[in-house]
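# Tertiary structure, described
Now for the letters of each chain:
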Amino acid sequence: MAATMERSEGGQSEPTGEEGPTPVERMTVSLKVKRFNPETDDKPHWQEFVVDGVEGTDRVLDVLHQAKWYQDGTLTFRRSCAHGVCGSDAMVINGENGLACQLLIQEVGTSITLEAIRGLPVIKDLVVDMEPFFAQYRSVLPYLITSDEPGYKERHQTAEDRERFDDTTKCILCAACTTSCPVYWGNSSYVGPAAIVQAHRFIFDSRDEGSADRLDILNEKSGVWRCRTAFNCSNACPRGIKVTHAIEEVKRAILYDRV
Amino acid sequence: MRIHHHSFDAVIVGAGGAGLRAAIEAAGECRLAVITKLYPTRSHTGAAQGGMCAALANVEEDSWEWHTFDTVKGGDYLVDQSAAQVMCREAIDAVIELEHYGLPFNRTPDGEIDQRRFGGHTRNHGEAPVRRACYSADRTGHMILQTLYQQCVKRDVNFFNEFQVLDVTFSEGRVAGCVAYEQATGDLHVFATKAILFASGGFGKMFKVSSNAHTLTGDGPGLLYRRGIPMEDMEFFQFHPTGIYKLGILLSEAARGEGGILRNVDNERFMERYAPTVKDLAPRDMVSRAILTEIKEGRGIGPNKDYVHLDLTHLPPEQIDAKLPDISEFVRTYMGLEPKTQGIPIQPTAHYAMGGIPTNIDGEVVVDAEGTVFPGLYAAGECACVSVHGANRLGTNSLLDIVVFGKRGGRSMAQFVKTADHAPLPADASDDVRERIERIFASTGTEKAAEIRSELQDHMMDKASVFRTEESLSEMVTVLDDLKERVERVGIDDKGEVFNFDITEALELGYLVDLAEAVVVSARARTESRGAHWRDDHPIRDDANWMKHTMVTRQPDGTVTLDYKPVDGDLYVPMERKY
């Protein structure tokens, strides 16, 4: 399967050119997938796939592909880029949200459970209905709002002002944060962490003039005050965004009427 | 099988950078639908990293004319020069416009858009590297995709997400509609439309080691090719020098733009021998060949001596954190290495199709050497061939291509549909797609799509990638004859209607195999070496015989024929390509 590089955490060796692949250890992985086919099933059930010849550096996605491609073509999941930038393959991996293409077998072990992300309706196997999630995203006015006419040149922005919202520009809308939130599981009208992250990206952009409208939206009862700072979202984010921190900043902006 | 009917003035197929930029232009001008087999934000534009070149001259002297020269020379003179002029001139407006849309570019101390070096981009016609790439850390493509999608949300663009277009319908010699498969239901949707713009991306999944997403299977060009639309310059496929060893995940050229160095087993900066002036910032085709030459001559690294190192260890750690954060994380996540202190094993990875659906500078599809426009048919982005990349694309010029020609294509299509009427849509428009799907469902064949795809990728990598010969390409023709036959016998497990990705992958494989044949037939005929197309048995560029674009056509009986068209422009006279 995929890479054969030895994983040497934080190694300090100089690039001598002599380190590199070591003999590859192959292992057998047990993949237990919570499956549901709306055309044949009344309720979900677990199915185990046993995949041989797996390397520690293989991604969970690689093992899923082996199961789908060579054992059971009905196994259904979304994926595209396979390196953590498109946001298609968020799922619950051993009980925690993550991207299947970003977690390696040596991190998650050889006994793996996979479930669809929670809080969005499951359609089939690991595929959920993303429409409610994107509707919540659209509700926060996720685009630059300005009234000035910048003319021919770019608007100026200091490096400090640019840095102010850098963290929340990383969001890939994978829904790992929103679907890790216990509040969201219980109340799907909550706009959710991802939508707040997207709002934060504009609220704290010095060029934007739409903050008042966005803060009004997020001050409603489906907005930021639903957040109980469980920090699940920050732990779940595959891009390392400090999601809870961003939500706190938005709360403070509402309370103190400033950004 | 349920069939639904829709009617629009214009349809855009694909919602990456080119499709979204076209949508911004056409939204509000006509009744528009954007059809994408993913969600727009999943598109592979989001994986682009390093930057987007435009001669803003924010940090040092620059001109769009120098950018044009670099683009033409980088493309080994197969670039249509007037098209390159358009792209490089309009690049400046395009970057400013993206900033106005909200794109968070990195900034200079004065608050202007910052710029950095990139391969093949030079000052004053090759004197030295120039800072021309506008960027947002090493996630410029992500920012472009997000920003363009935001603008589409603002304009309330009508998206059909997770709909896969599988056929186009022509009548009276013009576009009449297209047929899409809805993944969530398995239903077919027939779209009557006056015009279609294809912006469906590349087909890099025909190679084993690839930076491309699993979904980049060439559906758009593949379905047009089957309908007799020629493909241009398919033999030119770019291998990016720095893919993560074996995985192929892209490590941006920005790593070398920021000062990164390629080293062989002797720790030698070997690019000094291949490109004495610009060294590690030579164009990608040259660097990829240099890496593989080092490996072939025994100077590779590792027990199998099959990779070299990208060395960032001499860069200030804060520079790596600020300018290259994402690729550093990729190296940590997938290799378990720390790029601040360790060399990164890399090898060339299949990255970008220079060739594709032939268009003019307004995104109109042209079907012959005379530039005859096919009414109502448009293309932009990687699936198209304008040609601004010629035989080898310069780094950053793809992001430029999608915004400049996405905009031009969207604008000209919106203009066209204002005066055009609907061509009559045949009642049997969806029959071919329905029969194709039903045949796969009914198949008792034992061939697996995954196995055939894996063989295709292995053989294409081995026989038709960076180095090619008549022998390797003729072997590939034989392999493809076998694979084409086996594709007909693919059987699937999933017979359901809801999210049946089993059948999606089977359908995608058909396009990959057809396009691989277009690549191989075009490459076999071109008995010279130019840009990304290198023939060991013909290692010299042959301008007398081969300064021309290939047009490859699939005939109704399945045979593949070749034609050629002249390269446009004489602003720059071809000279030997040295860096």
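Residues numbered from 1 in each chain as written. Chains lettered and ligands numbered in written order. Predicted model: local features only at pLDDT ≥ 70, side-chain atom pairs only at ≥ 80, totals over all residues. Heavy atoms only, no water.

### Some thoughts on helix α7 (residues 211–218) of chain A
All names here are of chain A. What counts is decided by this rule: For every residue, the accessible area (1.4 Å probe, protein chains only) is compared with the maximum for its type, and the residue is labelled buried under 20%, exposed over 50%, or partly exposed between those bounds. Secondary structure elements are defined from DSSP: runs of H or I of at least 4 residues count as helices, runs of E of at least 2 residues count as strands, and each element is numbered from the N terminus. Think of it as the arc spanned by the lines of direction from the helix axis to the C-beta atoms.
Those residues of α7 that sit buried are Ser-211, Arg-214, Leu-215 and Leu-218. The arc that holds every buried residue of α7, seen down its axis, measures 100 degrees, which confines them to one face. Looking at α7, the residues exposed on the side facing more than 90 degrees away from the buried face are Ala-212 and Asp-216.

### Quick word on the packing of helix α5 (residues 219–226) of chain B against helix α15 (residues 501–525) of chain B
Residues and elements named next belong to chain B. To be explicit about the condition: A fitted line through C-alpha atoms represents every axis, and for helices the fit uses only the stretch in contact; the resulting angles, taken between N-to-C directions, go from 0 to 180 degrees. Note on terminology: angles under 35 degrees are roughly parallel, angles over 145 are roughly antiparallel, angles of 65 to 115 are roughly perpendicular, and the others are oblique. Whether two residues are in contact is decided by their heavy atoms: any pair within 4.5 Å suffices. Each residue gets one label: Ala, Val, Leu, Ile, Met, Phe, Trp, Tyr, Cys and Pro are nonpolar, Asp, Glu, Lys and Arg are charged, and the others, such as Gly, are polar.
The contact between α5 and α15 brings their axes to 9 Å, and the two run at 70 degrees. In terms of their interaxial angle, α5 and α15 are classed as roughly perpendicular. For the pair α5 and α15, contact is made by Asp-219, Pro-221, Gly-222, Leu-223, Tyr-225 and Arg-226 and by Glu-508, Gly-510, Tyr-511, Asp-514, Leu-515 and Ala-518, respectively. Across the contact of α5 with α15, the residue classes break down as six nonpolar, two polar and four charged.

### Structural notes on the confidence of the model for chain B
To keep things clear, this is the line we draw: Predictor confidence is given residue by residue as pLDDT, running from a minimum of 0 to a maximum of 100.
Looking at chain B, the pLDDT average stands at 97 and 100% of residues meet or exceed 70. Per the prediction output, this complex has pTM 0.96; the corresponding ipTM is 0.96.

### Focus on the environment of Thr-40 of chain A
All names here are of chain A. The criterion, for reference: Under this definition, polar contacts are N or O atom pairs within 3.5 Å; protein pairs additionally need one hydrogen-donor-capable and one acceptor-capable atom, and for neighbouring residues in sequence, both atoms have to be side-chain atoms.
Along the chain, the position of Thr-40 falls in the loop between β1 (26–35) and β2 (45–55). Assessed through its relative accessible area of 60%, Thr-40 is described here as exposed. Through-space distance from the C-alpha of Thr-40 to that of Tyr-152 is 59 Å; in sequence the pair is 112 residues apart. Within polar-contact distance, the side chain of Thr-40 engages the side chain of Asp-41 at 3.2 Å.

### Some thoughts on the domain arrangement of chain A
All names here are of chain A. Threshold: Domain segmentation is taken from an automatic or database assignment of domains. Note on definitions: buried area is the accessible-area loss of two parts on being combined, 1.4 Å probe, summed for both. Between Lys or Arg on one side and Asp or Glu on the other, a salt bridge is scored when a side-chain nitrogen of the former is within 4 Å of a carboxyl oxygen of the latter.
In terms of domains, chain A is made up of domain 1 (26–128) and domain 2 (131–145 + 161–256). Distance between the C-alpha centres of domain 1 and domain 2: 27 Å. Domain 1 puts 13 residues into the contact, and the matching count from domain 2 is 13 residues. Together domain 1 and domain 2 conceal approximately 1100 Å² of surface at their shared face, both sides included; 63% is due to carbon and sulfur atoms. Considering only the surface of domain 1 that becomes buried against domain 2, Asn-97, Arg-118 and Leu-120 emerge as the three largest contributors, covering 44% of it. In this structure, the connection of domain 1 to domain 2 is made through zero salt bridges. Where domain 1 touches domain 2, the interface holds three residue pairs in polar contact (both at pLDDT 80 or more). Class assignment for the residues of the side of domain 1 that touches domain 2 results in seven nonpolar, five polar and one charged.

### A word on helix α3 (residues 81–100) of chain B
All names here are of chain B. Test applied: To estimate the expected span of a helix, count its residues, drop one, and scale the result by 1.5 Å. To get the bend at a given residue, fit one axis to the seven residues ending there, fit another to the seven starting there, and take the angle between those axes.
With 20 residues, α3 extends 29 Å from end C-alpha to end C-alpha; this agrees with the ideal 28 Å at 1.5 Å per step. By the largest-angle criterion, Ala-91 marks the main kink of α3, which is about 40 degrees. Within α3, 14 of the 20 residues are buried, which leaves it mostly tucked inside the rest of the structure. Gly-102, located one to two residues past α3, shows a positive phi value of around 115 degrees.

### Things to note about the domain arrangement of chain B
A common way to state how big an interface is: give the accessible area lost once the parts meet. All names here are of chain B. For chain B, the assigned domains read domain 1 (240–348) and domain 2 (431–533). On a C-alpha basis, the centroid separation for the pair domain 1 and domain 2 is 31 Å. Each side of the interface is counted separately: domain 1 has six residues, and domain 2 has five residues. Between domain 1 and domain 2, a total of about 460 Å² is buried, with carbon and sulfur atoms accounting for 70% of that surface. Per-residue buried area on domain 1 facing domain 2 is highest for Asp-285, Arg-289 and Leu-292; these three make up 67% of the total on that side. In this assembly, domain 1 and domain 2 are joined by zero salt bridges. Applying the counting rule to domain 1 against domain 2 returns one residue pair in polar contact (both at pLDDT 80 or more).

### Focus: the sheet that holds strand β5 (residues 111–115) of chain A
All names here are of chain A. Our working definition: What makes two strands pair is DSSP finding at least two bridges between them.
Strand order in the open sheet formed by five strands is β2-β1-β5-β3-β4, with mixed pairing between adjacent strands. Looking at the sheet topology across the chains shown, the edges are occupied by β2 and β4 (96–99). Geometrically, the sheet is characterised by an average inter-axis angle of 35 degrees between neighbouring strands, direction not taken into account. Examined bridge by bridge, β1 and β2 share nine bridges and lie antiparallel to one another. Looking at the pairing, Lys-34 lines up with Trp-46 of β2. Against the sheet, helix α1 (residues 60–70) touches β1, β2, β3 (90–93) and β5, its axis set at about 110 degrees to β2.

### Quick look at the packing of aromatic side chains
To keep it simple, the criterion reads: A pair of Phe, Tyr and Trp rings is counted when the ring centres sit within 6.5 Å of each other, with Trp represented by its six-membered ring. The angle between the planes then sorts it: under 30 degrees is stacked, over 60 is edge-to-face, the rest tilted. Placement of a positive charge over a ring is assigned whenever Lys NZ or Arg CZ falls within 6 Å of the ring centre and within 35 degrees of the normal to the ring plane.
Under the criterion given, the structure shown has 20 aromatic pairs over all chains. Ring plane angle 10 degrees and centroid distance 6.0 Å describe the contact between Tyr-137 of chain A and Tyr-149 of chain B, whose orientation is recorded as stacked. Placement of Tyr-137 of chain A in helix α3 (residues 131–138) and of Tyr-149 of chain B in helix α4 (residues 140–154) is noted, with the two residues assigned to different chains. Here Tyr-137 of chain A and Tyr-149 of chain B have matching classes, each one buried. Ring geometry for Phe-69 of chain B against Tyr-572 of chain B: centres 5.4 Å apart, planes inclined by 70 degrees, an arrangement best described as edge-to-face. With Phe-69 of chain B in helix α2 (residues 64–74) and Tyr-572 of chain B in the segment after β20 (560–566), the pair connects residues that are 503 residues apart, well separated along the chain. Site record: aromatic cluster; members linked through ring pairs are Phe-133, Phe-134 and Tyr-137 of chain A together with Tyr-39, Tyr-149 and Phe-159 of chain B. Residue placement shows Lys-296 of chain B over the ring face of Phe-467 of chain B; its charged tip is 4.1 Å from the ring centre. For Arg-393 of chain B, the ring lying beneath its charged end belongs to Tyr-352 of chain B, and the centroid distance is 4.1 Å.

### Things to note about the interface of chain A and chain B
Counting residues at the interface gives 82 residues for chain A, matched by 77 residues for chain B. One can count six salt bridges joining chain A with chain B. For Glu-162 of chain B, the salt bridge goes to Arg-78 of chain A, with nearest N and O atoms at 2.6 Å. Linking chain A with chain B are 35 residue pairs in polar contact (both at pLDDT 80 or more), by the criterion used here. The set of elements that each furnish at least two residues to the side of chain A that touches chain B consists of α1, β6 (122–124), α3, α4 (159–164) and α6 (193–203) of chain A.

### Describing the sheet that holds strand β12 (residues 261–263) of chain B
Residue and element names in this part refer to chain B. Spatially, β11-β14-β13-β12 is the arrangement adopted by the four strands of the open sheet, whose pairing is antiparallel. Of all strands in the sheet, those bounded by a partner on one side alone are β11 (237–244) and β12. On average, adjacent strands in this sheet sit at an angle of 45 degrees to one another, irrespective of strand direction. Here three bridges tie β12 to strand β13 (residues 308–311), and the two strands are oriented antiparallel to one another. Looking at β13, one finds that Ile-261 is bridged to Asp-311. Packing against the sheet, helix α8 (residues 284–296) makes contact with β11, β12, β13 and β14 (344–353), and its axis sits at approximately 60 degrees to β11.

### Thoughts on the environment of Ile-261 of chain B
All names here are of chain B. Mapping Ile-261 onto the fold places it in strand β12. For the pair Ile-261 and Leu-312, spaced 51 residues apart in sequence, the C-alpha separation works out to 6.8 Å. Leaving out residues up to four positions away in the same chain, Ile-261 has contacts with Arg-269, Asp-280, His-309, Leu-310, Asp-311 and His-314.

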